[in-house]
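Coordinate inspection notes
Given next are the chains, with one letter for each unit.
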Amino acid sequence: MLRATLKSLLARKLRLTLSTVAVVLSVMFVSGSLVLTDTLGRTFDNLFANIYTYTDVEVSAKSQIQQQGNGPGNSSTFPASTVDRVAKLDGVAKATGQVFLNGAMPVGRNNKIVINQSGQQFGANWVGEDQFVKLAEGRAPSADDEVVINKGLSKAANYKLGDSMDVITRDRERSTYKIVGLTQYTGGRDSMVGESTVFFTTAKAQKSMLGATDEFNTIDVKAAPGVSDEQLRDTIKAELGDGFVVQTGKELSEESGEAIKNVLKYFNYVLLGFGAVALLVGVFLILNTFSIIVAQRTKELALLRAMGAARGQVLRSVLLEAVIIGVVGSVFGFLVGLGLGAAGAFLFVGLADGAQVAGLGFPVSAIVASFVIGIGVTMIAALMPAIKASRVAPIAAMHESATPDRPLTRLTVTGTVITAAAIGALVWGLAGAGDATLALVFGGVLGILIGVALLTPIVSRPLVAGLGSLFSWTVPGKLGRRNSARNPRRTAITAGAVMIGIAIVTAISTIFTSLSTALGDTVAKDLQADLVVLGQQTSEIPPVVTPQELQRITALPEAKTVAAFTVDAVQIDGKPDYVLSYLDPAAGVSVLKLKADQGRIDRLEQGEFTVDKKTAENRKLKLGDTIDVTFAKGPQKTLKLVGITAESAIGGGIVIDYADAQTGFAFPQPWQVYVAVQDGASVTTVKAAVNDILEDNPQVQAYTKDEYVKSSQQSFNIALVIVQVLLLIALAISVLGVINTLLLSVIERTRELGMLRAVGLRRSQTWLMVTTESVVITVFGTVLGLAVGVGLGAAIVTALKDVLGFGAVTLPWGLMIAYFLASMVVGGVAGLIPSIRAVRLNVLGAISYE
């Protein structure tokens, strides 16, 4: 029986190849995702290990907000006397006060900020060369108008030794500096991860980066001979107390690596989600392949039964074929995924100049997942056809090999139950089910896709007949239409694979289009401004408008109302949150069309705040209540609620007085400015005038309302393109399913095709018949996917209307029409190989085919 199984498998090489390719495509997405995240994780581990190799112990003040950790994002400072205290401790060989902080933004020769992929633009004080940083050219800065920069920045901005370069620092001042030195890092690197670093004199770094004098934000401590890093850390902790974070170089490396891995973890979840879609589509392909094979081998299997093979042997024979296909597909899928993951890591890290990709690894998770998924999916997909094969009676050897299709009642009932349960789970999840929300939503979507796929056979005949009528103006077209409708199960499974990918893309497109339209409608309705001044944030440092620029904009005679606001992260009653502040609350109320529900909202004093009605209800706040706010800078403050705004799509949240923001925010300067022009004034003219004022601020510029909306909507368009690209694998598998089904169908109908050719059907007509069948099946799956996708998207938009501010459901008609037209092209391409095989059949040989 084993020999017969292997010979049967090898005798059908095309079937073996197509089924194996489906497994390869399903597995490679998952293995590639795991290899990619593993390689990136090890790359960043190595990177941070190199960065902190020469760090014994580092000291920083605890952040007011984060309450833990240090590093380039922590702006909390301490006096220089703290450095002296540390230097005098036993076990300390040297203590060096440092300024090292993100927020020194170099300006390029094109008057634009020099950005990099890492989002890090460090400003530091020059403390001399050490084992980590060396002067490659030039000298140290000796005056406040001199800087040293890393060679990576020098190359990126095309600056050389002796050139002048403008830098915008954290105090938002733009100053011109002379480049007197270029640095390299250990190993001759121009940068570590593509970052830029500007070294100032200590006094200048303290003033421009920390906004203070004679203060630092970190201390680099070297251990004396014979003192371990851990001993030194404990000694310093005991001296400085709980107000400081004291960590060894090893701890810093592990903490930084863990933070990156947490980001990569969610990135991996996204990739695995698309991999799951590819797997689901692969199940349909493999299931259909084995179902057709079993139907074609009815006589062969019956002969085996007549020769004494037991049902169990036939069952194991079919499952053995599935195991072989699964193993081969898993091996190749893992290898292809390994290559794709490594290539993705090189591409990802290549964007960060200076970083080196970790060596190629073979993560156990990827190997196990590849074989478990590859073999498991194939076995599950082949199980029902295998059971069906085991039930073939020996007497079937005396009949034709084709088997009649079974009634669809059981399948329809099962599909209805699954769909109903899935809809219930989706509704429950979208309504809010606590910790189970995410599982219910994803489970509901998956269940709907499976349920609709099971219901597809019952609707395939009428829908396929209707769609096929578009192509049945010729005899071959009519034959192709009838062929696609003759076996509802087969057509449904093939079309179901197409349906899944199209449904998911359409659902996401519907959500993004609705959200994008809602954003545009909200801005058009509620924003009473003709211009919006803002910038694109490329790092943790926000682009802001300086007070001088804001004053000049406000003074423009064509400007009727100018409203500016800023925002910052805080802790409210001990929990992370955000608060806003308008420089002029009355102007903000006017431009955003805010109305008071209770109290006053157009005037604030220190220690007061307002809140929108929805937030007040969620937090159970009423007029006169207080909240404790911990700011990035300064002490904790208790604020009193003096006003509640009516519900509004924009302008929500907690709003505090600007005097409190000035003392507490890390960046109190305005993030956005809204300008309403005088009646009759030219918006274009005012925009040009505002941009002239902002000429020396390369971070921000003025946009018209329409430009602002389009800019805001761009992120949705980019996200949608990414989704479409990631789903290409699933769509490729579904196309393979169409090819596989038609090829096997051509083999099954060899005698029929021979008879048609014998009675006068020409080669071109045979090609048109098979191609029509392919197009009809693909279009059927696409139409079904569009319908399911629109339904899912509309349901999610409706359920989340109040949560995310959705308006009415907006359908992505352009994309839907494009998908429909593309399905006809894809169907035609998918039908090429089967049609070529069909037209090459020898007529006499086909007529005598058994």
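The coordinates are above.
The structure contained in this document is the topic of the report that follows.

About the criteria used
- Residues numbered from 1 in each chain as written.
- Predicted model: local features only at pLDDT ≥ 70, side-chain atom pairs only at ≥ 80, totals over all residues.
- Heavy atoms only, no water.
- Helix = DSSP H or I, 4+ residues; strand = E, 2+ residues; numbered from the N terminus.
- Buried < 20%, exposed > 50% of the residue type's maximum accessible area, 1.4 Å probe, protein only.
- Contact = heavy atoms within 4.5 Å.
- Areas by Shrake-Rupley, 256 points an atom, 1.4 Å probe, with all protein chains shown as cover.
- Lys, Arg positive; Asp, Glu negative; His and termini not counted.
- Charge placed at Lys NZ, Arg CZ, Asp CG, Glu CD.
- Pairing = 2+ DSSP bridges.
- Axes fitted to C-alpha atoms, helices over the stretch in contact; angles between N-to-C directions.
- Parallel < 35°, antiparallel > 145°, perpendicular 65-115°, else oblique.
- Left-handed = near helix turned anticlockwise from the far one by under 90°.
- Phe/Tyr/Trp six-rings, centres within 6.5 Å; stacked < 30°, edge-to-face > 60°.
- Patch = residues over 30% accessible without salt bridge, like charges linked within 9 Å, V, L, I, M, F, W, Y side chains within 5 Å.
- Salt bridge = Lys/Arg side-chain N within 4 Å of Asp/Glu carboxyl O.
- Core = buried A, V, L, I, M, F, W, Y, C linked by side-chain atoms within 4.5 Å.
- Nonpolar A, V, L, I, M, F, W, Y, C, P; charged D, E, K, R; others polar.
- Arc of directions from axis to C-beta.

Right, let's get into the overall build of the protein chain. Counting secondary structure elements, the protein chain contains 27 helices and 24 strands. Each principal axis of the C-alpha distribution contributes one length, and for the protein chain these read about 100 × 75 × 50 Å. Taken over 850 residues, the protein chain has a buried fraction of 52%. Expressed as a percentage of contacts within the protein chain between residues at least 6 apart in sequence, the contacts between residues at least 24 apart total 81%. On the protein chain, roughly 37600 Å² of surface is accessible, and the fraction owed to carbon and sulfur atoms is 60%. Within the protein chain, the 68 negative side-chain charges are centred at a point lying 18 Å from the centre of the 73 positive side-chain charges.

This part is about the pairing of strand β24 (residues 700-704). Alternating positions in β24 separate cleanly, Val700, Ala702 and Thr704 being buried on one face and Gln701 and Tyr703 remaining unburied on the opposite face. Of the strand pairs in this sheet, strand β15 (residues 531-535) and β24 are connected by five bridges, and their pairing is antiparallel. Counted as the bridge partner of Val533 is Ala702 from β24.

Another point: the pairing of β15. Of all the five residues making up β15, four are buried; the element is thus mostly covered by neighbouring parts of the structure. Sheet topology places β15 next to strand β23 (residues 672-677); three bridges connect them, and they run antiparallel. From the neighbouring strand, Val532 faces β23, where its bridge partner is Tyr674.

On to the packing of helix α13 (residues 475-485) against helix α23 (residues 763-799), then. Closest axis-to-axis distance for the α13/α23 pair is 7 Å, and the angle between their directions is 45°. As judged from the angle between their axes, α13 and α23 are oblique. As for the relative orientation of α13 and α23, their crossing is right-handed in sense. Here Pro476, Gly477, Leu479, Gly480, Arg481, Asn483 and Ser484 of α13 lie close against α23, whose contacting residues are Gln765, Leu768, Met769, Thr772, Glu773, Val776 and Ile777.

A few words now on the packing of aromatic side chains. Tallied over the full model, the rule gives nine aromatic pairs. Consider the rings of Phe334 and Phe362, whose centres lie 6.3 Å apart with planes at 40°: the pair is tilted. Separated by 28 residues along the polypeptide, Phe334 in helix α9 (residues 311-350) and Phe362 in the loop between α9 and α10 (364-390) bring together distant segments of the chain. The structure contains a cluster of three or more aromatic residues connected by ring pairs, namely Phe565, Tyr582 and Tyr674.

Before going further, it helps to spend a moment on the side chain of Gln672. Here Gln672 shows up in strand β23. Not counting residues within four places of it along the chain, the set of residues in contact with Gln672 comprises Val532, Val533, Leu534, Ala563, Ala564, Phe565 and Tyr708.

To continue, consider a nonpolar patch on the surface. A cluster of nonpolar residues, Trp767, Leu768, Val825, Val829, Leu832, Ile833 and Ile836, forms a patch on the protein surface that exposes about 600 Å² of accessible area. Counting residues per element, the ones that place at least two in the nonpolar patch are α23, α25 (813-830) and α26 (832-839). Positionally, Trp767 belongs in helix α23. Overall, the relative accessible area of 37% leaves Trp767 in the partly exposed class.

Once that is clear, we can look at the nonpolar core. If you look at the biggest cluster of nonpolar residues, it comprises 66 residues, and the most contacted ones within it are Phe284, Ile448, Leu449, Met499, Ile500, Leu727 and Val788. Once residues lying within four places of it in the same chain are set aside, the contact partners of Ile448 are Ala422, Ile423, Leu426, Val788 and Leu792. Ranked by size, the runner-up nonpolar core spans 38 residues in total, among them Val99, Ile219, Val221 and Val246.

Turning our attention to the sheet that holds strand β14 (residues 244-248). Read from one edge of the open sheet, four strands run β3-β13-β1-β14, paired in antiparallel fashion. At either margin of the open sheet sits one strand with a lone partner, and together these are β3 (92-98) and β14. Each neighbouring strand pair of the sheet contributes to a mean axis angle of 20°, computed without reference to strand direction. By the bridge criterion, six bridges tie β3 to strand β13 (residues 218-223) in an arrangement that is antiparallel. Pairing of Val92 across the sheet is with Ala223, part of β13. Relative to the sheet, helix α6 (residues 229-240) contacts β1 (57-61), β3, β13 and β14, its axis offset from that of β14 by approximately 175°.

What follows concerns the pattern of salt bridges. Using the criterion set out here, one finds 17 salt bridges in the structure. When the shortest N-O distance is used, the salt bridge between Lys637 and Asp660 registers 3.0 Å. One end of the pair, Lys637, is in strand β21 (residues 637-645); the other, Asp660, is in helix α18 (residues 658-664), and 23 residues separate them in sequence. Among the residues examined, Asp660 registers a relative accessible area of 2% and is labelled buried.

Looking now at the packing of α23 against α26. How two helices sit against one another is set out by the angle between their axes and by the gap between those axes. Their axes nearest at 8 Å, the elements α23 and α26 cross at an angle of 145°. Crossing angle aside, the handedness with which α23 passes α26 is right-handed. In this structure, α23 contributes Arg763, Thr766, Trp767, Val770 and Thr771 to the contact, and α26 contributes Leu832, Pro834, Ser835, Ala838 and Val839. The residue inventory of the contact of α23 with α26, partitioned by class, reads six nonpolar, three polar and one charged.

Below, the discussion takes up helix α15 (residues 547-554). Buried within α15 are the following residues: Glu549, Leu550 and Ile553. One side of α15 carries all its buried residues, which in axial view fall inside an arc of 100°. The outward face of α15, more than 90 degrees from its buried face, is lined by the exposed residues Pro547 and Gln551. Where α15 is buried, its residues meet β16 (559-572), β23 and α19 (683-693).

What follows is about the environment of Phe780. With respect to the helices, strands and loops of the structure, Phe780 is situated in helix α23. In the structure, Phe780 is positioned 286 residues away from Thr494 in sequence and 9.7 Å away in space, judged by C-alpha atoms. For Phe780, the residues in contact, after removing those within four places along its chain, are Thr456, Val459, Ser460, Leu463, Val464, Leu467, Thr491 and Ala495.

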